[in-house]
Protein chains: 2
Amino acid sequence: MRAIVKITLKNGVLDPQGKAIEGALNSLGFGGIDSVRQGKIIELDLDETETEKAEAAVAEMCEKLLANTVIENYSYELVP
Amino acid sequence: MRAIVKITLKNGVLDPQGKAIEGALNSLGFGGIDSVRQGKIIELDLDETETEKAEAAVAEMCEKLLANTVIENYSYELVP
C-alpha cells in the first residue's frame, strides 16, 4: 500500500521559500501571482495491506517525525 | 484561480532526503517501509480566471523555473 503525505505550512507562518519563488516568477515576467506557498510531499511504500492499520501508522509517523505540528499541517491519502 | 504543482524526482534519481526519512522511521520503530521518496508541492494563487490561459502559464512556469526537468517530473491541477 502506498501513502502520499502532504505537508504544508500553517496559515500565518512565514514562507521564505514561497516568497523567493514568487520573486523569481515576477522577475521572469510572470504577472498576476498573488501568493506562493511551498510544501513537501512524501510518498511511502508500505508492506501493510489493511487500510485501517496503514492509516493509523501513517498518522503516527506524521505526528512523530514527518510534520512539525507547531507550524505545519499534514494530510495523507492511501492508494492500494 | 489556484494552481497546485507537484514536483517529484524521476525514477532512478537518488533521493537522499527520502533515504534519511526512511532511516529515521526505521529507528523510531516503524517497520515494513519499502521506500520513501520526497518531493515538493507549490501552491500558486493566480489572478487569471480562464482555465486554458492559467494552464498554459503554469506549464511554462514549471518548465522555466519550478521543476528541473532533467531530474524531476511535475504535474499540476487547477482549482477554480
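Here the structure is shown first, and the text comes after it.
Cut-offs and rules
- Residues numbered from 1 in each chain as written.
- Chains lettered and ligands numbered in written order.
- Predicted model: local features only at pLDDT ≥ 70, side-chain atom pairs only at ≥ 80, totals over all residues.
- Heavy atoms only, no water.
- Pairing = 2+ DSSP bridges.
- Helix = DSSP H or I, 4+ residues; strand = E, 2+ residues; numbered from the N terminus.
- Axes fitted to C-alpha atoms, helices over the stretch in contact; angles between N-to-C directions.
- Buried < 20%, exposed > 50% of the residue type's maximum accessible area, 1.4 Å probe, protein only.
- Contact = heavy atoms within 4.5 Å.
- Buried area = accessible area lost by both parts, 1.4 Å probe.
- Salt bridge = Lys/Arg side-chain N within 4 Å of Asp/Glu carboxyl O.
- Polar contact = N/O pair within 3.5 Å; in protein donor to acceptor, adjacent residues only side chain to side chain.
- Nonpolar A, V, L, I, M, F, W, Y, C, P; charged D, E, K, R; others polar.
- Phe/Tyr/Trp six-rings, centres within 6.5 Å; stacked < 30°, edge-to-face > 60°.
- Parallel < 35°, antiparallel > 145°, perpendicular 65-115°, else oblique.
- Least-squares fit on C-alpha atoms with pLDDT ≥ 70 in both.

Undergrad: I'd like to hear about the sheet that holds strand 3 (residues 72–79) of chain A, residue by residue, with values.
TA: Read across the open sheet, the 6 strands follow the order 3(A)-1(A)-2(A)-2(B)-1(B)-3(B); overall the sheet is antiparallel. Of all the strands in the sheet, the pair left with one neighbour each is strand 3 of chain A together with strand 3 (72–79) of chain B. Shown here is a sheet whose adjacent strand axes are inclined to one another by a mean of 20°, direction ignored. Across 6 bridges, the pairing between strand 1 (residues 2–9) of chain A and strand 2 (residues 33–46) of chain A is antiparallel. Of the residues in strand 2 of chain A, the one forming a bridge with Val5(A) is Ile42(A).

Undergrad: Please give an account of the side chain of Glu22(A) that cites residues and values.
TA: All names here are of chain A. By the element assignment, Glu-22 lies in helix 1 (residues 16–27). The class of Glu-22 is buried, set by a relative accessible area of 11%. Those residues in contact with Glu-22, other than ones at most four positions away along the chain, are Ile-33, Asp-34, Ser-35 and Val-36.

Undergrad: Can you lay out the interface of chain B and chain A for me, pointing to particular residues and giving the numbers?
TA: Quite often, the size of an interface is put as the accessible area lost when its parts meet. Taken together, the contacts link 30 residues of chain B with 30 residues of chain A. Between chain B and chain A lies a buried interface of about 2700 Å² when both sides are counted; carbon and sulfur atoms form 66% of it. On the surface where chain B and chain A come into contact, there are 0 salt bridges. Summed over the shared surface of chain B and chain A, the result is 10 residue pairs in polar contact (both at pLDDT 80 or more). Among the secondary structure elements, those contributing two or more residues to the side of chain B that touches chain A are strand 1 (2–9), helix 1 (16–27), strand 2 (33–46) and helix 2 (51–66) of chain B. Here the side of chain B that touches chain A gets 14 residues from one element, more than from any other, and that element is strand 2 of chain B. Classifying every residue of the side of chain B that touches chain A gives 16 nonpolar, 5 polar and 9 charged. As defined by bridge partners, strand 2 of chain A adjoins strand 2 of chain B across 13 bridges and the pair is classed as antiparallel.

Undergrad: So, the packing of aromatic side chains: which residues are in play, and what are the values?
TA: Residues and elements named next belong to chain A. For the structure shown, the criterion picks out 2 aromatic pairs over all chains. Ring centres 6.4 Å apart and planes at 15° place the aromatic pair Tyr-74 and Tyr-76 in the stacked group. Under the relative-accessibility criterion, Tyr-74 is labelled partly exposed at 25%. The class for Tyr-76 is partly exposed, based on a relative accessible area of 29%.

Undergrad: Outline the packing of helix 2 (residues 51–66) of chain A against helix 1 of chain B, listing residues and values.
TA: Contact pair helix 2 of chain A / helix 1 of chain B: the axes reach a minimum separation of 11 Å and the direction vectors enclose 105°. Our classification of the angle between helix 2 of chain A and helix 1 of chain B gives roughly perpendicular. Taken together, the residues of helix 1 of chain B that come into contact with helix 2 of chain A (itself represented by Met61(A), Leu65(A) and Leu66(A)) are Ile21(B), Ala24(B) and Leu25(B). When its residues are assigned to classes, the contact of helix 2 of chain A with helix 1 of chain B shows 6 nonpolar, no polar and no charged.

Undergrad: Talk me through the relation of the copies chain B and chain A; I want residue IDs and the actual numbers.
TA: Mapping chain B onto chain A calls for a screw motion: a turn of 180° about the axis and a shift of 0.0 Å along it, with 0.0 Å RMSD after fitting. Expressed as an axis order, the relation between the two copies is that of a two-fold axis. Ranked by how close their C-alpha atoms come to the rotation axis, the residues of chain B are headed by Lys40(B), at 2.3 Å. An overlap of 100% is found between the interface residues of chain B and their copies at the interface of chain A, pointing to a shared contact surface.

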